[in-house]
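Listed here are the chains, written in short residue letters.
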Amino acid sequence: MIRYALRCDRNHEFESWFQSSSAYDQQVKRKLVTCPICGSAKVDKAIMAPRIVGKKGRATPPAEPTTTAAPEAASSGPTSLMLAQERELRAKLKELRDHIVTNADNVGDRFANEARAMHYGDKEHRPIYGEASPDEAKSLIDEGIEVSPLPILPEDRN
């Protein structure tokens, strides 16, 4: 999965996830990518900081997005603003996870083998998710295979 920072022709900025860069290109060409604020289908990639993996497989943390709060939220203090931002972030993470679970195949503990087979052309590419040990995930990353963990939310631990 690839996350792109996007901007519409009216200068609204937003982010979206795509299976690959070619999937993004195809969806933009078919006018399937639209601005969530104004609905414009004239969307381009915005400049964003890349996620760089160092020698030990640790990614540098992405820059925190800046947001502007509504005056009423700001006046009720930093705690309520933080709670609102946390709720919004959790909702977005849940939406992302639900999208992946709905649109991808769960390959369970065969994840590393399936991802590797698709990467090397032994199997047709398709969206998958599953389980991999930290060592398996590191090995996949070292081979240049893009993997990301599914977000786990506090309510999942109940």
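Here the residue numbering is sequential within each chain, running from 1 through the sequence in written order. Reporting in this predicted model follows two pLDDT cut-offs: at least 70 for local features of residues, and 80 or more for side-chain atom pairs to be given and counted; totals over whole chains, interfaces and linings ignore these cut-offs and use all residues. Side-chain metrics in this entry use all non-hydrogen atoms of the structure; hydrogen atoms and water are not considered.

*Asks:* Honestly, the overall build of the protein in this entry has me stumped. Any pointers?
*Replies:* Numbered from the N terminus, helices here are DSSP runs of H or I no shorter than four residues, and strands are runs of E no shorter than two. For the protein, the count of helices and strands is 5 helices and 5 strands. Reading the protein from its N end, one meets helices and strands in the order β-β-α-β-α-α-β-α-β-α. Type-normalised accessible area, obtained with a 1.4 Å probe on protein chains alone, sets the label of each residue: buried when under 20%, exposed when over 50%, and partly exposed for intermediate values. When the 158 residues of the protein are sorted by exposure, 21% land in the buried category. Here the analysis covers contacts within the protein between residues at least 6 apart in sequence; of these, 43% occur between residues at least 24 apart. Total accessible area computed for the protein in this model is approximately 11,800 Å², and 52% of it derives from carbon and sulfur atoms. The contact criterion used is simple: two residues touch if any of their non-hydrogen atoms lie within 4.5 Å. Each accessible area is a Shrake-Rupley result for a 1.4 Å probe, and residues are judged covered by the shown protein chains and nothing else.

*Asks:* What am I meant to see in the sheet that holds strand E1 (residues 2–8) here?
*Replies:* What links the strands of a sheet is backbone hydrogen bonding, and the strands pair in either a parallel or an antiparallel sense. DSSP calls a pair of strands paired once it identifies at least 2 bridges connecting them. The 3 strands are arranged E2-E1-E3 in an open sheet whose pairing can be described as antiparallel. On the outer flanks of this sheet lie strand E2 (13–18) and strand E3 (43–45), each paired with one strand and no other. Ignoring which end each strand starts from, the neighbouring axes of this sheet average 40° apart. The sheet contact formed by E1 and E2 spans 6 bridges and is antiparallel. Its bridge partner being in E2, Ala 5 is matched across the sheet by Glu 15. Each axis is a line fitted through C-alpha atoms, taken for helices only over the stretch in contact, and angles between the N-to-C directions span 0 to 180 degrees.

*Asks:* Before we go on, may I ask you to explain the side chain of Ser 40 in this structure?
*Replies:* Here Ser 40 shows up in the loop between helix H1 (21–29) and E3. Counted as a polar contact is a pair of N or O atoms within 3.5 Å, where, for protein atoms, one must be capable of donating a hydrogen and the other of accepting one, and residues adjacent in sequence contribute only when both atoms are in side chains. Polar contacts involving the side chain of Ser 40 include one to the main-chain amide nitrogen of Lys 42, which spans 3.1 Å. Aside from chain neighbours lying at most four places away, what touches Ser 40 is Cys 8, Asp 9, Val 33, Thr 34 and Cys 35.

*Asks:* What's the story with the packing of aromatic side chains in this structure? I'm lost.
*Replies:* How two aromatic rings sit relative to each other is given by the distance of their centres and the angle of their planes. Ring geometry is summarised as follows: Phe, Tyr and Trp rings, the Trp one being its six-membered ring, pair when their centres sit within 6.5 Å, and such pairs are stacked at plane angles under 30 degrees, edge-to-face over 60 and tilted between the two. Within this structure, the stated rule accounts for 3 aromatic pairs. Seen in terms of ring centroids, Tyr 4 and Phe 18 are 5.9 Å apart; in terms of plane orientation they differ by 45°. Their pairing is tilted. Residue Tyr 4 is found in strand E1, and its partner Phe 18 is found in strand E2; the two are separated by 14 residues along the sequence. The class of Tyr 4 is buried, set by a relative accessible area of 12%. Given the relative accessible area of 3%, Phe 18 is considered buried. Through a chain of ring-to-ring contacts, three or more aromatic side chains come together here, namely Tyr 4, Phe 18 and Tyr 24.

*Asks:* What exactly am I supposed to notice about the packing of helix H4 (residues 111–119) against helix H5 (residues 134–142) here?
*Replies:* The N-to-C vectors of H4 and H5 enclose an angle of 10°; their axes lie 10 Å apart at closest approach. With respect to each other, H4 and H5 are oriented roughly parallel. Between H4 and H5, the contacting residues are Phe 111, Ala 112, Ala 115 and Arg 116 on the first element and Glu 136, Ser 139 and Leu 140 on the second. For this classification, the nonpolar set comprises Ala, Val, Leu, Ile, Met, Phe, Trp, Tyr, Cys and Pro, the charged set comprises Asp, Glu, Lys and Arg, and every other residue, Gly included, is treated as polar. Grouping the amino acids of the contact of H4 with H5 by side-chain chemistry returns 4 nonpolar, 1 polar and 2 charged. Every angle not falling under 35 degrees, over 145, or within 65 to 115 is termed oblique; those three ranges are roughly parallel, roughly antiparallel and roughly perpendicular.

Just geometry here; none of it tells us what the structure is for.
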